[in-house]
Amino acid sequence: MKKYGLFLGCNMPAIRPDVERAIRLTMPKLGVELVDLPGSVCCPAFGTFPSADEIAGLSINAWNLAIAEELEVDLISECGSCYSSLRLGRDRLLRDEKKMEQVNELLMAAGKSFKGTAAVRHMIDVLYNEVGPDKINDSITKGLNGIRAVVQYPCHTLFPSETVGFDAPSGRPHMLRELVEALGAEVEGYSRELQCCGGAGGFTRRALSDATKFTKKKFDAIKKETSANLIIVSCITCLMHLDEMQKELNRESEDNNYSIPVFDYNQVLALCMGFEPKEVASISFIPRNTITEMF
Amino acid sequence: MIDLTNTNKDLWKEITEESGDIRNCFNCATCVAGCPAAEAESPLLIRNLVRMVLLGLEDELLEEESPWVCVTCSACEEMCPMGVHPFEVCLAIRRWQCTKDETYVPPAVTEIFAEGHTQPVGKARELRKSVSLEEVPPTIVKFPELLKKFQDMLRNTELVRENDYMFEE
């Protein structure tokens, strides 16, 4: 059984623990053992320490990576930002001896050290490359037959491809689509499929109405070009943002024009495996009952 | 008209010493074309920022809040044909601004210092219980002695040393 340290980050354990529950239930069923990373902290997000003090940011990356190293496991993250921050940080440290030395000096006082022995993997990467669509298909008890989905690829797993990429080529990712197809759903393509959700960084915080308009273009393309019953993501930011933005857009008119339920991949997988919707898919703004009632 | 007589000609070395060589930028705007935040009312125009750095326009750059609108998607990093690493430049400009003017320091760093997280991970007990999870997750919120070590580590960083009044346990 392949073993990974589950990196929780901040949003999942605090705001969307139903996703954490879905991950903890589904992965062992696929032969992936998850262990905790005791004492892990914020990745750190790009808008925090990496925007203020590079060495401080890298030392926090290294703090988290060192925990996985001690346990001799690779890390797995569902959150795209956590994945990218940890992976870019690790890469920077391994390329730059001087920074590695500075960071290890900081870690030493806490009784830790960073060597670079633990790799950083994203959920889609592990599901596709270590488990595979066939095994996933074999693991489910009820599929999403007759359901049409669109997928949202997390930008942080695509760019910069030379450091974070695993889906090839980066401009035409296919892994999440195939993983969803393995659950029996039909995945529809659309013109803005690769448009970023817009939820990370400072865009929504500093220019909310512009950010809302930006994401509206994506929803409008989904509505116009597809007949999607749901949106499937694999990143906590994409999940929260695509859900919350629809609520925001519905405030502008009374007819609830935007009501496509949004799920994390592991949540849909958990439903297909027969786990309880109230444990694995209970938290959202846009109602999900059109999908959860199928199970 | 921009007066270039008194600009800081070494600004690019100071800011982007460790990212790509921004002197390769020829202003093609590929970084802007794929940027979500370029669609903002006050848009993030990375190529303009790169130009400001190259021309040494310190005062203008210090006033420039657009780097903080970046969504961090890194599409620019992928698309730049000249290896400038625009996303790294954006982060480097933010860091430079923080060292020149501490009001740029994002408040989230003090939250991470105090709690280890940007969200109330240790306080989501009811919500976590409702989905049959351990009420306090096994991150740093469960290990106060580790939080103390984490804070000790951060106290030795330049950011916390220079701005210690911001950071409370």
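As a convention, each chain's residues are numbered from 1 in the sequence order in which they are written. Numbering of ligands from 1 and lettering of chains from A proceed in the order in which they are written. Local features in this predicted model are restricted to residues whose pLDDT is 70 or higher, and side-chain atom pairs enter the listing and the counts only when it is 80 or higher, whereas totals over whole chains, interfaces and linings include all residues.

We now examine the overall build of chain B. When its secondary structure is counted, chain B shows ten helices and zero strands. Each helix corresponds to a stretch of at least 4 residues labelled H or I by DSSP, and each strand to a stretch of at least 2 residues labelled E; elements are numbered beginning at the N terminus. Helices (α) and strands (β) of chain B occur, in sequence order from the N terminus, as α-α-α-α-α-α-α-α-α-α. The C-alpha atoms of chain B give 20 Å as radius of gyration, which overshoots the globular expectation for 169 residues (15 Å, by more than 25%). Referenced to the eigenvectors of the C-alpha coordinate spread, the extents of chain B come out at roughly 60 × 35 × 25 Å. Taking all 169 residues of chain B together, the buried fraction comes to 44%. The reference for a compact globule is 2.2 Å times residues^0.38; the radius of gyration itself is calculated from the C-alpha atoms. To assign burial, the other C-beta atoms lying within 10 Å of each residue's own C-beta are counted, with C-beta atoms placed from the backbone; 20 or more indicates buried, 12 or fewer indicates exposed, and intermediate counts indicate partly exposed.

What follows covers the packing of helix α3 (residues 54-70) of chain A against helix α4 (residues 80-95) of chain A. Residues and elements named next belong to chain A. To define axes, lines are fitted to C-alpha atoms, for helices over the stretch in contact only, and angles between the resulting N-to-C directions are given on a 0 to 180 degree scale. Relative to each other, α3 and α4 sit at 105°, their axes nearing to 9 Å. Classified by the angle their axes make, α3 and α4 are roughly perpendicular. Facing α3, whose interface residues are Gly57, Leu58, Asn61, Ala62, Asn64 and Leu65, α4 presents Ser85, Leu86, Gly89, Arg90, Arg92 and Leu93. As a working rule, the residues Ala, Val, Leu, Ile, Met, Phe, Trp, Tyr, Cys and Pro are called nonpolar, Asp, Glu, Lys and Arg charged, and the rest polar, with Gly in that last group. Grouping the constituent residues of the contact of α3 with α4 by class yields five nonpolar, five polar and two charged. By definition in this entry, angles of less than 35 degrees are roughly parallel, angles greater than 145 are roughly antiparallel, angles of 65 to 115 are roughly perpendicular, and the rest are oblique. By the criterion used throughout, residues are in contact when their C-beta atoms, derived from the backbone, lie within 7 Å.

On to the nonpolar core, then. In this usage, the nonpolar core is the set of buried Ala, Val, Leu, Ile, Met, Phe, Trp, Tyr and Cys residues whose C-beta atoms join them within 7 Å. In terms of nonpolar packing, the biggest core is built from 148 residues, with Leu179 and Ile232 of chain A touching the most fellow members. Per-element accounting of this core gives the leading share, nine residues, to α3 of chain A.

What follows covers the sheet that holds strand β3 (residues 74-77) of chain A. Residues and elements named next belong to chain A. Strand order in this open sheet of four strands is β2-β1-β3-β4, and the pairing throughout is parallel. At either end of the open sheet lies a strand with only one pairing partner, and these are β2 (32-36) and β4 (120-122). The mean inter-strand angle of the sheet, taken between neighbouring strand axes irrespective of direction, is 40°. For two strands to count as paired, DSSP must find a minimum of two bridges between them. Here three bridges tie β3 to β4, and the two strands are oriented parallel to one another. In the sheet register, Ile76 faces β4, and the bridge partner there is Arg121. Across the sheet, helix α6 (residues 123-131) lies against β1 (2-7), β2, β3 and β4, angled at about 85° from β4, the strand it touches most.

This part is about the interface of chain A and chain B. Chain A puts 54 residues into the contact, and the matching count from chain B is 52 residues. Elements with a minimum of two residues in the side of chain A that touches chain B: α1 (11-14), α2 (17-29), α3, α5 (97-108), α10 (203-206) and α11 (208-225) of chain A. By residue number, the principal contributor to the side of chain A that touches chain B is α3 of chain A, which donates five residues. Among the residues forming the side of chain A that touches chain B, the class breakdown is 30 nonpolar, 15 polar and nine charged.

The subject of this paragraph is the domain arrangement of chain A. All names here are of chain A. An automatic or database domain assignment supplies the residue ranges for each domain. Domain parsing of chain A yields domain 1 (2-122) and domain 2 (132-292). Here the C-alpha centre of domain 2 lies 24 Å away from the C-alpha centre of domain 1. On the side of domain 2, 31 residues touch domain 1, which itself brings 26 residues to the contact. The dominant element in the side of domain 1 that touches domain 2, judged by the number of residues it contributes, is α2, at eight residues.

This part is about the pairing of β1 of chain A. All names here are of chain A. Strand direction decides the pairing type here: β1 and β2, joined by five bridges, are parallel. Pairing of Gly5 across the sheet is with Val35, part of β2. Pairing analysis gives four bridges linking β1 to β3, with the strands arranged parallel. Its bridge partner lying in β3, Leu6 is registered against Ile76.

What follows concerns the domain arrangement of chain B. Domain annotation of chain B identifies domain 1 (11-103) and domain 2 (108-166). Domain 1 of chain B and domain 2 of chain B are separated by 30 Å when their C-alpha centres are compared.

All names here are of chain A. Counting through the fold element by element, Asn64 comes out in helix α3. Owing to 31 C-beta atoms within 10 Å, Asn64 belongs among the buried residues under this scheme. In the structure, Asn64 is positioned 42 residues away from Ala22 in sequence and 23 Å away in space, judged by C-alpha atoms. Not counting residues within four places of it along the chain, the set of residues in contact with Asn64 comprises Phe7, Ser40, Val41, Cys43 and Leu86.

As a further point, take the environment of Thr26 of chain A. All names here are of chain A. Assignment of secondary structure puts Thr26 in helix α2. For the pair Thr26 and Ser170, spaced 144 residues apart in the sequence, the C-alpha separation amounts to 27 Å. Ignoring anything within four residues of it in the chain, the contact list for Thr26 reads Asn266, Leu269, Ala270 and Met273.

Another point: helix α9 (residues 144-155) of chain B. Residue and element names in this part refer to chain B. Helix span, as expected, comes to 1.5 Å for every residue beyond the first. Taking 1.5 Å of rise per residue, twelve residues should cover 16 Å, and α9 covers 17 Å from first to last C-alpha, within 8% of that figure. For α9, the set of buried residues is Leu146, Leu147, Phe150, Met153 and Leu154. Down the axis, α9 shows its buried residues gathered within 120° of arc, on one side only. Exposed and oriented more than 90 degrees from the buried face of α9 are Pro144, Glu145 and Asp152. Arc, as used here, means the arc of the directions from the helix axis to the C-beta atoms.

Turning next to α3 of chain A. Residues and elements named next belong to chain A. In this model, α3 (17 residues) spans 24 Å end to end at C-alpha, consistent with the 24 Å of a helix rising 1.5 Å per residue. With 15 of its 17 residues buried, α3 lies for the most part within the structure. Of the residues flanking the end of α3, it is Glu72, one or two places downstream, whose phi is positive at about 55°.

Turning our attention to the sheet that holds strand β7 (residues 230-233) of chain A. Residues and elements named next belong to chain A. Ordered by their spatial adjacency, four strands build an open sheet running β6-β5-β7-β8, and the pairing between neighbours is parallel. Lying at the two open borders of the sheet, with one neighbouring strand each, are β6 (186-187) and β8 (262-264). Contacting β7 and β8, helix α13 (residues 265-273) crosses the sheet at an angle of about 85° to β8.

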